[in-house]
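Given next are the chains, with one letter for each unit.
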Amino acid sequence: MTVRIEPGLHQSKQAHAPLRRALRRARTRQRRGLMWALQRLNLTVGGLLIGTLLLTALFAPLLAVAPPDAIAPASRFQPPGLAHPFGTDGLGRDLFSRVVYGARTALQMAVPAVMIGSFSGIILGLLAGYYCGPLDQILSRIMDAWLALPGLLLAIVFVALLGPSLQTTVIALGLVGIPGYYRMVRNGTLSTREMLYVEAARTMGLGDGRILLRHILPNLTSPLVVLITLRLGTVILAGGALSFIGLGAQPPTPEWGALLASGRDSMDRAWWVAFFPGMAITASVMGFNLLGDGLRDLLAPEMAQDHRTHAGADEDECGS
Amino acid sequence: MLRFLVRRLLGALAVLLAVSFFTFVMLELAPGDAADTLVGETASAEQMAAIRSSMGLDLPLLVRYSNFLTAAVFEGDLGRSVISGRSVGTLVAERFKYTFVLAVTAMSVAVAVGGLAGAVAAARPRGWFDLLVMGFMTLGQALPTFWIALLMILVFGLHLRWLPVLGAGTPQHLILPTVALALPAAAVVARLVRASLLDVKGADYVRTARAKGLGPVTVWGRHLLPNSLMPVITLIGLYLGQMLGGAFVIETIFGWPGLGRLLVQAVFDRDLPVVLGAVLLIAVIVVFLNVLVDVVHALLDPRIGHEAV
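Here the structure is a predicted model, which means the values were calculated and not measured. (Residues numbered from 1 in each chain as written. Chains lettered and ligands numbered in written order. Predicted model: local features only at pLDDT ≥ 70, side-chain atom pairs only at ≥ 80, totals over all residues. Heavy atoms only, no water.)

## Some thoughts on the overall build of chain B
Per the secondary structure count, chain B includes 14 helices and 0 strands. If you list the helices and strands of chain B from N to C, you get α-α-α-α-α-α-α-α-α-α-α-α-α-α. Once the C-alpha set of chain B is aligned to its principal axes, its extents read approximately 85 × 60 × 30 Å. Per-residue burial over chain B gives 46% buried out of 309 residues. Put simply, of all contacts in chain B between residues at least 6 apart along the chain, 71% involve residues at least 24 apart. As displayed, chain B has an accessible area near 15,100 Å², and 67% of this comes from carbon and sulfur atoms. (Helix = DSSP H or I, 4+ residues; strand = E, 2+ residues; numbered from the N terminus. Buried < 20%, exposed > 50% of the residue type's maximum accessible area, 1.4 Å probe, protein only. Contact = heavy atoms within 4.5 Å. Areas by Shrake-Rupley, 256 points an atom, 1.4 Å probe, with all protein chains shown as cover.)

What follows is the structure, given as structure tokens:
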């Protein structure tokens, strides 16, 4: 990056010196690029895995060998082979196609769920951190209670309320995520609201909404991007678990957890039905985890300490 | 210290009150009440009304909540299962024993394996064992437990026929669910122990201890371990709560008759009193564990008890 001026080269009698220098620089840059990718192995591998997931979801109709719901009783429980890369299930459906379409289901589940959670958490966190007072007291207590329970337990209560379906899973997992965003945004807002530039914006007579969205929120972008990335993985895992026990996406939706559950009873005859969807979940969740870790090291290294502090305690108290 | 304890306990009570209220109200909002589940569509409108009033379902929401709470707190009465008619209190207590055994076993295994792996990894960061452990951690956090469970059933239950895969009763029944539950926990523990040890290793007082010539045993035993233990204790407490309240996937797969299995079945049956009872029991346990973690923290770190008052 830094151009070093080497005194000797200026007076060099070699005519090709500039060219050589350019070549050497290009080579170092290339090596640096490789080193960069290696040093940030989690970012690279995570990016590749998530890239594959997105492309698979996008081009599912092109990749799939057969329509995911096409039943073919003649070819039940075919082992993996050329015609069926992942084999077929008990109804003769091509498992590879169902796993490929499962990528769509996974994103249809994870993206809206994370949007619900992050949107509500960010708004509430901004308000609580900025206005403090009773609003913050009440919201923070509610979020504490929310956070005190295992996430999947809350999701199950919602399912009990609304009945099992993909939509319920999305809503439940979205709501379960709110306190995480809330806590991060509330504490972040609290520590920025007294900053000089926020003070300046207030002195200029800007409205609260503008200050919150244009001056405070942008400062929280990096940790939020990291949290959202990690949450996407968590939601895919949790959604898979809910569907697996029958409380999430219902058959015949090609959902990875539901696919695994359908392979459970025929495991002694057809191991592949209970195998490949699990690979897909693992790869996607690992992709989001690695990508999130990599982004954290890159964008918000101060977050690395977060997991070591007590999850239950608020660091800053709302002052005047 | 006493004030700190009282403050934490009051906070825990407030959380429990909030959880019980929310769960109660949410389940009340569910379409169809206990009377519907009990008699279905065969009853006439008058019969339904009679049943509702006999069950107290026609009272206002807040009155029913306070009745429920008084009965639960003072008589330990959580109502009756709509399906089996049994007392919810007995039902959840019975099932909790199984969940407790499973969660505590799994957590012990996870702490032993994960703690050891993390400590050895931290001894030589970037060594081959460290890389191995880190690779395992990354994988362990992404592996769906239900998938691991299926694969273990496939290998050890169906092919090798070494272990029973369904139910409870003998110690052998405990092995597969324990491993499935402990695997991701061990990954998290290893990660935290490693990070925490590396963190403390770089601290000035450790360098001082080394500089004044203390042996590795003293440095580790007196300086490194106690100081790196705090976040691990927090994790164990919080994770144990998650296991006690969130083991229903594993319990469902292995037919383990625990609290989670009960809860899932109750959700399927729309047996709302059981759902409510199970959720509340889990909430009490989780909140109690959180307080316990705080107290242990305050005992280990004298700074906490004082500053918090």
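## Some details on the confidence of the model for chain B
Residues and elements named next belong to chain B. In the predicted model, chain B carries a mean pLDDT of 82, and the fraction of residues at 70 or more is 91%. Highest mean pLDDT in chain B belongs to helix 5 (residues 88-123) (90); lowest belongs to helix 14 (residues 302-307) (59). Across the interfaces of the predicted complex, the ipTM metric reaches 0.80, alongside a pTM of 0.82. (pLDDT = per-residue confidence, 0-100.)

## Comments concerning helix 7 (residues 145-159) of chain B
Taking 1.5 Å as the rise per residue, helix 7 of chain B with 15 residues should run 21 Å; its terminal C-alpha atoms sit 20 Å apart, in good agreement. The largest bend along helix 7 of chain B reaches roughly 30° and is located at I153 of chain B. Considered for burial, the residues of helix 7 of chain B that qualify are T145, F146, W147, I148, A149, L150, M152, I153, L154 and G157 of chain B. Those residues of helix 7 of chain B that are buried are in contact with helix 11 (221-244), helix 12 (256-263) and helix 13 (276-299) of chain A together with helix 8 (171-201) and helix 11 (248-253) of chain B. (Expected span 1.5 Å × (residues − 1). Bend = angle between axes of the 7 residues up to and from the residue.)

## Here's the deal with the environment of V285 of chain A
By secondary structure assignment, the location of V285 of chain A is in helix 13. For V285 of chain A and P85 of chain A, which are 200 residues apart along the polypeptide, the C-alpha to C-alpha distance reads 22 Å. If we ignore the near neighbours within four places in the chain, the residues touching V285 of chain A are G233, I236 and L237 of chain A together with Q141 and A142 of chain B.

## With respect to the nonpolar core
Core analysis: the largest hydrophobic core is formed by 171 residues, its most contacted members being I156 and W256 of chain A. The leading source of residues in this core is helix 5 (residues 95-131) of chain A, at 16 residues. The contact partners of I156 of chain A, leaving out residues within four places of it in the chain, are L242, I245 and L247 of chain A together with F248, L263, V264 and V267 of chain B. Counting residues in each nonpolar core, the second largest holds 5 residues, with A117, A121, M137 and A190 of chain B among its members. (Core = buried A, V, L, I, M, F, W, Y, C linked by side-chain atoms within 4.5 Å.)

## What to know about the interface of chain A and chain B
Across the boundary between the two partners, chain A contributes 43 residues, which contact 51 residues of chain B. Both faces considered, chain A and chain B share a buried interface measuring about 4,000 Å² in area, 79% of it formed by carbon and sulfur atoms. Summed over the shared surface of chain A and chain B, the result is 1 salt bridge. One salt bridge in this structure joins R191 of chain B and D293 of chain A, with 3.1 Å as the shortest N-O distance. Where chain A meets chain B, there are 4 residue pairs in polar contact (both at pLDDT 80 or more). (Buried area = accessible area lost by both parts, 1.4 Å probe. Salt bridge = Lys/Arg side-chain N within 4 Å of Asp/Glu carboxyl O. Polar contact = N/O pair within 3.5 Å; in protein donor to acceptor, adjacent residues only side chain to side chain.)

## Some thoughts on a positive patch on the surface
Residues and elements named next belong to chain A. A contiguous patch of positive charge, built from R20, R24, R25, R27 and R29, is present on the exposed surface. Of note, R25 is situated in helix 2 (residues 17-39). Here R25 falls in the partly exposed class, since its relative accessible area comes to 42%. (Patch = residues over 30% accessible without salt bridge, like charges linked within 9 Å, V, L, I, M, F, W, Y side chains within 5 Å. Lys, Arg positive; Asp, Glu negative; His and termini not counted. Charge placed at Lys NZ, Arg CZ, Asp CG, Glu CD.)

## As for the environment of P80 of chain A
All names here are of chain A. Relative to the elements of secondary structure, P80 occurs in the loop between helix 4 (60-63) and helix 5. Considering only alpha carbons, one finds P80 and D94, 14 residues apart in sequence, at a separation of 9.7 Å. Discounting chain neighbours no more than four positions away, the residues touching P80 are P85, F86, G87, W271, W272 and F276.

## Focus: the UniProt feature "domain: ABC transmembrane type-1" (unreviewed entry) in chain A
Here the UniProt feature "domain: ABC transmembrane type-1" (unreviewed entry) sits at residues 103-292 of chain A. Span residues 103-292 of chain A is 79% helix and 0% strand, its end C-alpha atoms 19 Å apart. (UniProt positions renumbered as here; feature names shortened; annotations may be inferred.)

## A short note on helix 5 of chain A
An ideal rise of 1.5 Å per residue puts 54 Å on 37 residues; helix 5 of chain A measures up with 53 Å between its terminal C-alpha atoms. One or two positions beyond helix 5 of chain A, positive phi appears at C132 of chain A, with a value near 50°.

## Some remarks on the side chain of T229 of chain A
Within the secondary structure, T229 of chain A is located in helix 11. The residues touching T229 of chain A, leaving out its near neighbours within four places in the chain, are F288, L291, G292 and L295 of chain A.

## Here's the deal with the pattern of salt bridges
According to the stated counting rule, one finds 14 salt bridges over all chains in the structure shown. A salt bridge links R193 of chain A to E194 of chain A; the shortest N-O distance between them is 3.4 Å. The exposure class assigned to R193 of chain A is buried, which follows from its relative accessible area of 12%. Judged by relative accessible area, E194 of chain A falls into the partly exposed class, the value being 48%. Within the structure, one salt-bridge network assembled from shared partners comprises D293, R296 and D297 of chain A together with R191 of chain B.

## So, a nonpolar patch on the surface
Residue and element names in this part refer to chain A. Taken together, L55, L58, F59, L62 and L63 make up a surface patch of nonpolar side chains, about 530 Å² in accessible area. Those elements giving two or more residues to the nonpolar patch turn out to be helix 3 (41-58) and helix 4. The residue L62 is located in helix 4 in this model.

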